Amino acid sequence: MTVSPMIWGVTIVVILGLLAFDYFFHIRKAHIPTLKEAAIWSSIYVGLAVIFGILVLVFGGVTMGGEYFAGYITEKALSVDNLFVFLIIMASFRVPREDQQKVLLFGIVFALIARTGFIFLGAALINSFSWIFYLFGLILLLTAGNLLKPEDSEKDEANNFIIRIAKRVLPTTDHYDGDKLMTVENGKKVLTPMLLVMVAIGGTDILFALDSIPAIFGLTQNTFIVFTATAFSLMGLRQLYFLIDGLLDRLIYLSYGLAAILAFIGVKLVLHALHENTLPFINNGEHVEVVEVSTGLSLSVIIGVLLITVIASLVSPAGKAQTAVNNARRHANAYLDLSYTSDEAERERIYRALCDEEKQILQMDKKYRDKVKDIEDIRTEVARAHEEHSRYSSK
C-alpha cells in the first residue's frame, strides 16, 4: 500500500506535536516524576501507539497492521534494553535526578533524528541493492551473538572517545549549574557535564540505530511502517525510564530474549536475500527457492519470546536477589551523593526504599544474594548510607 504525502505530513506533525507537548508541559520545569505520573503517561503513549496500529490495520490491511505491531513490539523491547545503558551513562555523569528528564528527552529526539536518517538510507539501499539484506542479516546475527556475551558491570559507558576528546580540547567543569549547558567558572565560560552527557547519549543512540533499523527492515520494507513503528516505540520512553527504574535489573534474561529475536530476524533476512538473490557467486545469480517467514509467524515468535523472557525473569529467585541488591546499591550511592538531588523529600524516599530493599534481601535465600557481584562492597555502601542518615537525623 502506497502512503500519500498528506498521511506522511499529518503523521510527522502529530509526532512533533507530542514531542513539543512533552517539552513544554513536562520538561521545562525540572522535577522528579512520581510513580503515578510516569505510569499514567507511559500508558497514554502506549495507548496512542496501539490506536495508531489499529488505524493502520483498518485502512492498510491485515499484513500492514501486522508488520506495524511486529515492528513496534521489537523496537520497544530494544528501547527498554537501551535504558540500561542510559542508566549507566547518567550514573557515570552523576546527573541530578531533577534534570534526568531533559537528558532523556534529548536522547529520544536525537534517536528519532538519527534513526530517520538510517531509515531513508536503508530504504534507498534496499531499492538499489537487493544484496543489502545479506548485510542486514549478518549485522543482526552478530548483534545477537554479542548480547550473549557476559557484560562487565564496571564498564564506564560514558567514558567514550568523543567525551575524552571533548574534555581535552574544550573548557569543561565537573559541576552542574541546573540544567544549563554552559556556565561561568573563574570568569570563563565552560561546558557543564549536562552537555557532555547529552553528547554521550547521542553517540550511543547512533550505535543503537545500527542494530534497530536492520531489525525492523527484517520485518517490513514499508518505509512508512518502519518510521512510525520506530517513532512510536521511542515515544514515552522518558516516562518508562522513571516507571521501571530499579526494575530494569530484574529482567535478567532480557538479553537472551533479544538475542533470540534478533537471530530470528537475521535468519529471516538471509532467507529473503536468498529469495531475491542477484549475486553471481550464489546459485549463478539466480533466485534461491527457500521458505520465507510470514508476518504472522514473525509477530507470534516475537511476542512469545518476550513473554517467556519476562515471565522467567520475574519468577527467577536469582533475578529477585539481583534486583534487590542492585537497587540497594543504587539507592545507597544516591543517598550518599549530595549532588544527586536537592529535594529533601526525594532523599527521604530513597532512604525508605533502601530500608525496604534490605528487608527483602534478608528474607531471600542466602545462596542467591551472595552470588551477586561485588556483594561485600555493596554492603559497605549500604552501611555508610545508614551512618549518614543517622548523622543527618541527629542534627
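Cut-offs applied
Residues numbered from 1 in each chain as written. Predicted model: local features only at pLDDT ≥ 70, side-chain atom pairs only at ≥ 80, totals over all residues. Heavy atoms only, no water. Helix = DSSP H or I, 4+ residues; strand = E, 2+ residues; numbered from the N terminus. Buried < 20%, exposed > 50% of the residue type's maximum accessible area, 1.4 Å probe, protein only. Contact = heavy atoms within 4.5 Å. Areas by Shrake-Rupley, 256 points an atom, 1.4 Å probe, with all protein chains shown as cover. pLDDT = per-residue confidence, 0-100. Patch = residues over 30% accessible without salt bridge, like charges linked within 9 Å, V, L, I, M, F, W, Y side chains within 5 Å. Salt bridge = Lys/Arg side-chain N within 4 Å of Asp/Glu carboxyl O. Core = buried A, V, L, I, M, F, W, Y, C linked by side-chain atoms within 4.5 Å. Polar contact = N/O pair within 3.5 Å; in protein donor to acceptor, adjacent residues only side chain to side chain. Lys, Arg positive; Asp, Glu negative; His and termini not counted.

Chemist: How should the overall build of the chain be read in this particular structure?
Modeler: Secondary structure summary: the chain contains 15 helices and two strands in total. Across the 395 residues of the chain, 48% fall into the buried class. Restricting to contacts in the chain with at least 6 residues of sequence separation, those with at least 24 account for 78%. Total accessible area on the chain is roughly 19800 Å²; 65% of this is exposed by carbon and sulfur atoms.

Chemist: Which parts of the structure should I look at to understand the confidence of the model for the chain?
Modeler: When pLDDT is low, close inspection of the predicted coordinates is not appropriate. Chain-level statistics for the chain give a pLDDT mean of 81 and a share of 89% at 70 or above. Model confidence for the chain, summarised as mean pLDDT per element, is weakest for helix α6 (residues 161-169) at 66 and strongest for helix α8 (residues 223-234) at 93. In this model residues 153-159 is a low-confidence stretch, pLDDT under 50, and it forms 13 contacts with partners more than four residues away in sequence or in other chains.

Chemist: What is the right way to read a nonpolar patch on the surface from this model?
Modeler: A contiguous nonpolar patch, built from Ile40, Ile44, Val46, Leu48, Val50, Ile51, Ile54, Leu55, Leu57, Val58, Phe59 and Val62 and spanning about 1100 Å² of accessible area, is present on the exposed surface. Of all the elements, helix α2 (residues 35-60) adds the most residues to the nonpolar patch, at eleven residues. Locating isoleucine 44 in the fold gives a position in helix α2. Accessibility expressed as a relative area gives 34% for isoleucine 44, which makes it partly exposed.

Chemist: Could you clarify how one ought to interpret the nonpolar core in this entry?
Modeler: The nonpolar side chains of a soluble globular protein tend to be buried, and buried together. Grouped together as the largest cluster of nonpolar side chains are 86 residues, with contacts concentrated most on Tyr68, Val197 and Phe217. No other element matches the 15 residues that helix α3 (residues 62-92) contributes to this core. Aside from chain neighbours lying at most four places away, what touches valine 197 is Ile89, Met90, Phe93, Val95 and Val103. In terms of nonpolar packing, the next biggest core, distinct from the first, is built from 16 residues, Val325, Ala334, Leu354 and Val382 among them.

Chemist: What is the right way to look at the side chain of asparagine 277 in this model?
Modeler: Looking at the element boundaries, asparagine 277 is found in the loop between α10 (254-275) and α11 (295-315). Polar side-chain contacts of asparagine 277 include one of 3.0 Å to the backbone oxygen of glutamate 286. If sequence neighbours within four positions are ignored, asparagine 277 has contacts with Tyr134, Ile282, Gly285, Glu286 and His287.

Chemist: Looking at this model, I keep getting lost on the pattern of salt bridges. Mind explaining?
Modeler: When their charged atoms lie close together, side chains carrying opposite charge are able to pair. In this structure the tally under the stated criterion is two salt bridges. With a shortest N-O distance of 3.6 Å, arginine 115 and glutamate 75 are connected by a salt bridge. With arginine 115 in helix α4 (residues 100-128) and glutamate 75 in helix α3, this residue pair connects regions lying 40 residues apart in the sequence. Arginine 115 gets classed as buried once you look at its relative accessible area, which sits at 2%. Its relative accessible area of 0% is what places glutamate 75 among the buried residues. For arginine 384, the salt bridge identified is with glutamate 381, shortest N-O distance 3.2 Å. Of this pair, arginine 384 and glutamate 381 both sit in helix α15 (residues 375-393), three residues apart, which is roughly one turn of that helix. Of the residues examined, arginine 384 reaches a relative accessible area of 41% and is grouped as partly exposed.

Chemist: What am I meant to see in the side chain of glutamate 67 here?
Modeler: Here glutamate 67 lies in helix α3. Lysine 268 provides the closest opposite charge to the buried, salt-bridge-free glutamate 67, at an N-O distance of 7.1 Å. If near-sequence neighbours (up to four positions away) are discounted, glutamate 67 is found in contact with Leu219, Thr220, Asn222, Ile225 and Thr295.

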